[in-house]
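A closer look at the structure
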Amino acid sequence: LAGIFRSQFIAYSFRGGLLATFIEGVNQSLESQLGGATMFITAFVFKLNTESHDLTYAAAGHPPALFFRAGGSCEELVSTGPPMGLFPELEYGQKQISLSEGDRLVVVTDGLYEWTTEGDDIFGWEAMVDWFSSKRDLDAESLWSSLQSKMVRSRETKSIEQEDDETLLILTRK
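From a predicted model like this one, the values you see are computed outputs, not experimental measurements. (Residues numbered from 1 in each chain as written. Predicted model: local features only at pLDDT ≥ 70, side-chain atom pairs only at ≥ 80, totals over all residues. Heavy atoms only, no water.)

In this section: the sheet that holds strand S4 (residues 74-77). Within the open sheet, the four strands sit side by side as S4-S3-S6-S7. Their pairing is antiparallel. The sheet is open, and its two borders are formed by S4 and strand S7 (168-172), each paired with just one other strand. Neighbouring strand axes in the sheet, compared pairwise and without regard to direction, differ in orientation by 20° on average. In the packing of helix H3 (residues 125-134) onto the sheet, the strands contacted are strand S3 (65-68), S4, strand S6 (104-108) and S7, and the crossing angle to S3 comes to about 30°. (Pairing = 2+ DSSP bridges. Helix = DSSP H or I, 4+ residues; strand = E, 2+ residues; numbered from the N terminus. Axes fitted to C-alpha atoms, helices over the stretch in contact; angles between N-to-C directions. Contact = heavy atoms within 4.5 Å.)

Here we come to the sheet that holds strand S1 (residues 43-48). Judged by pairing direction, the sheet is antiparallel, and its three strands sit side by side in the order S1-S2-S5 without closing on themselves. A strand with exactly one partner marks an edge of an open sheet, and here the two such strands are S1 and strand S5 (95-98). Here the strands of the sheet are splayed against their neighbours by 25° on average, with no regard to which way each runs. Relative to strand S2 (residues 54-60), S1 is paired through six bridges, and the arrangement is antiparallel. Bridge pairing links Leu48 to Leu55 in S2. Relative to S2, helix H2 (residues 19-34) is tilted by about 20°, and along the sheet it contacts S1 and S2.

The next point concerns the pattern of salt bridges. With the rule as written, the count across this model stands at three salt bridges. Here Glu118 and Arg153 are joined by a salt bridge, their closest N and O atoms 3.5 Å apart. In this pair, Glu118 is assigned in the loop between S6 and H3 and Arg153 in helix H4 (residues 140-158), connecting sequence segments 35 residues apart. On the accessibility criterion, Glu118 (40% relative accessible area) is partly exposed. (Salt bridge = Lys/Arg side-chain N within 4 Å of Asp/Glu carboxyl O. Buried < 20%, exposed > 50% of the residue type's maximum accessible area, 1.4 Å probe, protein only.)

To continue, consider H2. Its 16 residues give H2 an end-to-end C-alpha distance of 22 Å, which sits within 8% of 22 Å, the value for a rise of 1.5 Å per residue. Taken as a whole, H2 has its buried residues at Leu19, Ala20, Phe22, Ile23, Glu24, Val26, Asn27, Ser29, Leu30 and Leu34. (Expected span 1.5 Å × (residues − 1).)

On to the packing of aromatic side chains. Following the criterion strictly, the structure yields nine aromatic pairs and no others. On the basis of an interplanar angle of 40° and a centroid distance of 5.1 Å, the ring pair of Tyr12 and Phe22 is categorised as tilted. Separated by 10 residues along the polypeptide, Tyr12 in helix H1 (residues 2-15) and Phe22 in helix H2 bring together distant segments of the chain. By relative accessible area, Tyr12 is classed as buried at 7%. Between Phe44 and Tyr57, the aromatic rings sit 5.3 Å apart at their centres with planes inclined by 15°, giving stacked as the arrangement. You can see Phe44 sitting in strand S1 and its partner Tyr57 sitting in strand S2, a full 13 residues away along the chain. Of the two residues, Phe44 and Tyr57, both sit in the buried class. Following the ring pairs from residue to residue traces out a cluster consisting of Phe5, Phe9, Tyr12 and Phe22. (Phe/Tyr/Trp six-rings, centres within 6.5 Å; stacked < 30°, edge-to-face > 60°.)

Within the fold, Gln148 resides in helix H4. Given the relative accessible area of 31%, Gln148 is considered partly exposed. As for Gln148 and Leu112, which are separated by 36 residues in sequence, their C-alpha atoms are 8.8 Å apart.

Nothing here speaks to function; it is geometry throughout.
The following block contains the structure:
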């Protein structure tokens, strides 16, 4: 699955076009090559115009990205369609936001909120959003280090292995 996505992404980077069209192409490729198997890919993809600071995104079944405004508000950038590979001939949308000075985009995989805490609870989406909100003054490296320490400490206390992938992307406009 990753190979199909990667090859489509490389081709897209050379030809350009709408992000929604890219997602639709990956969806069609996956659906036709998987032949009805129940396998899929989620993704949050974006292009940033470094002159206008406009960020265009499309998402396929991926957890929402978090868009923290410098003023304190947080908006969830939800998927513009379902995961890729499940349904043929879908149309995906794309959206655009403008980044102002101090705004931050946080993109996560589910491993950052679906892990067992020291109290045997699942950390959860709301707890993760609240955690990022409370740490908004930290730089990207400190955010990752702090969250990773929290997860590792919980795993070590419970003597459990890492439960899922743990991927974090932070983009802050200076």
